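Now for the letters of each chain:
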Amino acid sequence: MRNSLRQPGLVLLFVTCPLLLVLQGVTSKAESGHFGDTAPDRCMRHHFVETITHPIYKCNSKMVLLARCEGHCSHTSRSDPLISFSSVLKQPFKSTCFCCRPHTSKLKAVRLRCSGGMRITATYRYILACSCEECS
């Protein structure tokens, strides 16, 4: 009688770690600045490529990766009436709304090589994370 457990051979064992999958989900949501919001049109960072050229000087253009904040905020906008003891109400309501805007960013610079050996530096803010914040 042959025992199949004692035969030599190769055994492949696939193990998945549910905690790792959960942590990957939390990491990606933390990068976007939203933990409970899973809507596809939520406020988040979107990347795009832009070509930087100088408007006056003849310089070599450079393509750079930029980011913008785009999407909806799940907070409700509202306007509350203000009480005044004056007959003229310059601002009769207090409005509250939330906008998708940059939460953190860093300053970046690109050097353009121009005719005559001149170099010009262009600067811009690269968005690291977006969040829903009160509009001003």
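Owing to the predicted nature of the structure, the values given are computational and were not obtained by experimental measurement. (Residues numbered from 1 in each chain as written. Predicted model: local features only at pLDDT ≥ 70, side-chain atom pairs only at ≥ 80, totals over all residues. Heavy atoms only, no water.)

Caption draft 1: Fine view of the pairing of strand 5 (residues 98–113). Pairing analysis gives 15 bridges linking strand 5 to strand 6 (residues 119–134), with the strands arranged antiparallel. Pairing of L107 across the sheet is with R125, part of strand 6. In this antiparallel pair of consecutive strands, strand 5 and strand 6, the connection spans five residues, and G116 shows a positive phi of 80 degrees. (Pairing = 2+ DSSP bridges. Helix = DSSP H or I, 4+ residues; strand = E, 2+ residues; numbered from the N terminus.)

Caption draft 2: Molecular detail of a positive patch on the surface. Together, K62, R111, R113 and R119 make up a region of like positive charge exposed at the surface. Checked against the element boundaries, R113 lands in strand 5. (Patch = residues over 30% accessible without salt bridge, like charges linked within 9 Å, V, L, I, M, F, W, Y side chains within 5 Å. Areas by Shrake-Rupley, 256 points an atom, 1.4 Å probe, with all protein chains shown as cover. Salt bridge = Lys/Arg side-chain N within 4 Å of Asp/Glu carboxyl O. Lys, Arg positive; Asp, Glu negative; His and termini not counted. Charge placed at Lys NZ, Arg CZ, Asp CG, Glu CD.)

Caption draft 3: Local environment of the state of the cysteines. All chains considered together, the criterion is met by five disulfides. Note that C43 is cross-linked by a disulfide to C100, the S-S spacing being 2.1 Å. Taking the sign of the torsion about the S-S bond as the criterion, the disulfide between C43 and C100, at about 80 degrees, is right-handed. Taken as a pair, C43 in the loop between helix 1 (18–32) and strand 1 (44–52) and C100 in strand 5 lie far apart in primary sequence, 57 residues in all. Accessibility expressed as a relative area gives 0% for C43, which makes it buried. (Disulfide = S-S within 2.5 Å. Buried < 20%, exposed > 50% of the residue type's maximum accessible area, 1.4 Å probe, protein only.)

Caption draft 4: Here's a closer look at the environment of V64. Mapped onto the elements, V64 comes out in strand 2 (residues 62–70). Exposure remark for V64: the relative accessible area of 8% places this residue in the buried category. If near-sequence neighbours (up to four positions away) are discounted, V64 is found in contact with F48, V49, E50, I52, V110 and Y124. (Contact = heavy atoms within 4.5 Å.)

Caption draft 5: Focus on the packing of aromatic side chains. In this structure the tally under the stated criterion is zero aromatic pairs. For the cation-ring pair, R68 lies above F48, with the distance from its terminal atom to the ring centre recorded as 4.7 Å. (Phe/Tyr/Trp six-rings, centres within 6.5 Å; stacked < 30°, edge-to-face > 60°. Lys NZ or Arg CZ within 6 Å of the ring centre and 35° of its normal.)

Caption draft 6: Geometry of the pattern of salt bridges. Applying the stated criterion to the full structure yields two salt bridges. Notably, a salt bridge pairs R68 with E70, separated by 3.0 Å at the nearest N-O pair. E70 sits in the partly exposed class, given a relative accessible area of 40%. Here R78 ties to D80 by a salt bridge, and the two come within 2.7 Å at their closest N and O atoms. Residue D80 is classed as partly exposed on the basis of its relative accessible area, which comes to 29%.

Caption draft 7: Representation of a nonpolar patch on the surface in the model. Together, V49, M63 and L65 make up a nonpolar patch on the protein surface, roughly 320 Å² of accessible area in all. Here M63 lies in strand 2.

Caption draft 8: How the structure looks around the confidence of the model for the chain. Residues at a pLDDT of 70 or more form 71% of the chain, whose mean pLDDT is 76. Of all helices and strands in the chain, the one with the weakest mean pLDDT is helix 1 (39), whereas strand 2 scores best (96). When the criterion is pLDDT under 50, residues 1–37 qualifies, and its contacts beyond four places in sequence or with other chains add up to 19 contacts. (pLDDT = per-residue confidence, 0-100.)

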